[in-house]
Amino acid sequence: MKAIEKKSFVVFGLLIAVLIISQFAYKRFDLTQDKRYTLTETSNLLLENIDKELQIDILLGGELTGNYRILKNEIQFLLEELKEKNPKVKYRFVDPLEMNTSEMEEAGIVAIPIKTDKGVLNVYPYARLSYGDKVMWMETLVNDPSTPFEELAVASTEKLEYLFAEKIQKITNTNRKKIGFIVHHDELPQQNIDGLGRALSEKYDVEIYLNPIANKKFSFDYEDIDSLKRFDGLIVAKPTLPFSEKDKMVLDQYIMNGGKMLFAVETVDAEMDSIFRSGKIVAFPRDLKINEFLFNYGVRLHNTIIKDLNGGKIVLADGETAGNVSYNYYTWPYFELGLAGDPNPITASIDPVIFNFANPIELLENPNIKQTVLLSSSPQTSMKPALNYISLDEVDVENVDEFVMGKIPMAVLLEGNFKSAYASRFERQEIPNFKAQSTNGKMIVISDGDVLKNHLWRGMPMRLGEDKYSVRPDNPNSRPTTYANQTFVLNAMDYLLGDEDFLALRNRKSEIPLLNETKVLSDKQYWQQLNLIVPIGIIALLGGLGYFIRRKKFSK
């Protein structure tokens, strides 16, 4: 009897010890096949750079629906991991009613009304990060228009690490990279580049390069070579005026000195607003005098417009009933949908990107340059050369058999050891410290400037990728169709500027295994009986075994 009491005391003592240790030591074992609860190396590196307290307040502390309780639990699991890796990370769940109302309004924090059996419940899927004197707000929901709203909370759980890591990087980063916009070729005006500028400015320092305009030369000068070196990347967004020889020489030397560039250029002048005003237009060629420059890097743009049988939708009036104009959606072959081409982190798991009157990109053989097609059209395509009419009547395709040109590249990544276009030319002598070659060069060419252009709605800039032509005039308050233009350009700049690890985190997907519904229905009765019989059988077996042991023991 004393031996039994001693063993019980030891077991009880061990349990108490384990309980005490568990209060100070936290460890979660990730037994999932895809390791969805294991922090990536990117997040671990971010946590190492946190040198002062990072306070995270999550506004999910009040009453929640089932889906948002799941989201809250997943956030808690993630933040516990972050806290375990770096104790300077602090977090708490707070009731939105306890927060500073004026601060929330200033940050644009608005409630999401959700219908429940008890009425409408206001949920705030946001978090507030404070790091030193910096304060930043974030959404804890992914911005995915393809996901139904009622499924968004659960769908966001697989992207939580990226959402929090992105904001942690932004608020703790003290050495932000710089992106410059070239504007002296009559590129996109500020109101049409507002969406991209705001998106980029969350992570990068963004600046419009005005030297050529300020000095009234409207062209680069050789002094700009050194001035442009302060930018890690340059963007040329839909130029409409030709590039001078000095422009090309300066950009050439910028690239040779390690600068990264994104060109969004088009070789045919065609605009949707003009078509809506007159019903049809003539598509004129646009000579930017840039083709020979891009030729050096292995690509060429043609003065032709792609027509895609699987293009985006536009809203057109199709009749009148009882004095009311009726509207319908039509496929517009000049709204090419850019689909992921060759495998690359930029376009992994990306939704379609909307193009307007895109031109075909021809890939030229260059052994020193790796060419990756990022986005291409669908296989059902044809071409319309410049100096031809474009009419709204083309929504009615008369001959489907004409669309047989296959997938056509519309966005291409160029990587490798770039050689200067002026390495063998006399003009190089005019440039001080001329550089003939660069290593690890990166450039992206997009055959449509409108990929970077945000539309205007009632005079206000829309989000990049939102399509005003998809809004029905009979329901102007409806949500526009949203394409992945913003995601694509942000991914592209991250890749160009060396943030490939973050791209992998952004594209990370959790593979959730689904049940085979047919097999479930066919085997339902079998498993019900098994779940009923097996527990009873185990209890009976244990009871019989116990009876046998007691009888054998006491029969002596």
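To be clear, the structure that these remarks concern was listed above.
Presented here is a report on the structure given in the accompanying data block. What you see is a predicted model; the values in this text were computed from it and never measured.

Some words on the sheet that holds strand β17 (residues 337-340)
Hydrogen bonds between backbone groups are what pair the strands of a sheet, and the pairing can be parallel or antiparallel. A sheet is described by the order of its strands in space; here 9 strands give the open sequence β8-β7-β9-β10-β24-β23-β20-β17-β18, paired in mixed fashion. Strands at the two margins of the open sheet, each flanked by one partner only, are β8 (205-209) and β18 (353-354). Looking at chain direction, strand β10 (residues 260-264) and strand β24 (residues 441-446) are connected through 4 bridges and run parallel. Bridged to Leu-262 within β24 is Ile-444.

Re a negative patch on the surface
A contiguous patch of negative charge, built from Asp-393, Asp-396, Glu-398, Asp-401 and Glu-402, is present on the exposed surface. Tracing the sequence through the fold places Asp-401 in the loop between β22 (388-391) and β23 (409-416).

So, empty space enclosed by the protein
Going through the model one piece at a time under the given rule, you end up with 1 cavity of 30 Å³ or more. There is about 40 Å³ of room inside the largest cavity. Every residue lining the largest cavity is listed: Ser-43, Leu-46, Leu-47, Leu-78, Leu-82, Glu-161, Phe-164, Ala-165 and Ile-168. Broken down by secondary-structure element, the contributors of at least two residues to the lining of the largest cavity are α2 (41-48), α3 (66-85) and α6 (160-172). Each residue belonging to the lining of the largest cavity can be placed in one class, and the counts come to 7 nonpolar, 1 polar and 1 charged.

Looking at a nonpolar patch on the surface
Together, Ile-208, Leu-210, Ile-213 and Phe-218 give the surface a local cluster of nonpolar side chains, amounting to about 340 Å² of exposed area. As for its position among the elements, Ile-208 is in strand β8. According to the relative accessible area criterion, Ile-208 is partly exposed, its value standing at 36%.

Quick look at the packing of aromatic side chains
Applying the stated criterion to the full structure yields 11 aromatic pairs. Taking the centre distance of 5.9 Å and the plane angle of 50° together, the rings of Phe-335 and Tyr-469 count as tilted. Taken together, the positions of Phe-335 in the loop between β16 (324-331) and β17 and Tyr-469 in the loop between β27 (466-467) and β28 (481-482) put the pair 134 residues apart, joining distant regions of the chain. On the accessibility criterion, Phe-335 (0% relative accessible area) is buried. Chaining the aromatic ring pairs together yields one cluster made of Phe-263, Phe-293, Tyr-297 and Phe-418. Lying across the ring of Tyr-389, Lys-280 places its NZ or CZ 4.5 Å from the centre.

Each value, and the rule that gives it
- Residues numbered from 1 in each chain as written.
- Predicted model: local features only at pLDDT ≥ 70, side-chain atom pairs only at ≥ 80, totals over all residues.
- Heavy atoms only, no water.
- Pairing = 2+ DSSP bridges.
- Helix = DSSP H or I, 4+ residues; strand = E, 2+ residues; numbered from the N terminus.
- Patch = residues over 30% accessible without salt bridge, like charges linked within 9 Å, V, L, I, M, F, W, Y side chains within 5 Å.
- Areas by Shrake-Rupley, 256 points an atom, 1.4 Å probe, with all protein chains shown as cover.
- Salt bridge = Lys/Arg side-chain N within 4 Å of Asp/Glu carboxyl O.
- Lys, Arg positive; Asp, Glu negative; His and termini not counted.
- Charge placed at Lys NZ, Arg CZ, Asp CG, Glu CD.
- 1 Å grid on protein atoms, 1.4 Å probe; cavity = no way out; pocket = protein on both sides within 12 Å on 5 of 7 lines; lining within 4 Å.
- Points joined across faces, edges and corners; volume = space filled by probe spheres on them.
- Nonpolar A, V, L, I, M, F, W, Y, C, P; charged D, E, K, R; others polar.
- Buried < 20%, exposed > 50% of the residue type's maximum accessible area, 1.4 Å probe, protein only.
- Phe/Tyr/Trp six-rings, centres within 6.5 Å; stacked < 30°, edge-to-face > 60°.
- Lys NZ or Arg CZ within 6 Å of the ring centre and 35° of its normal.

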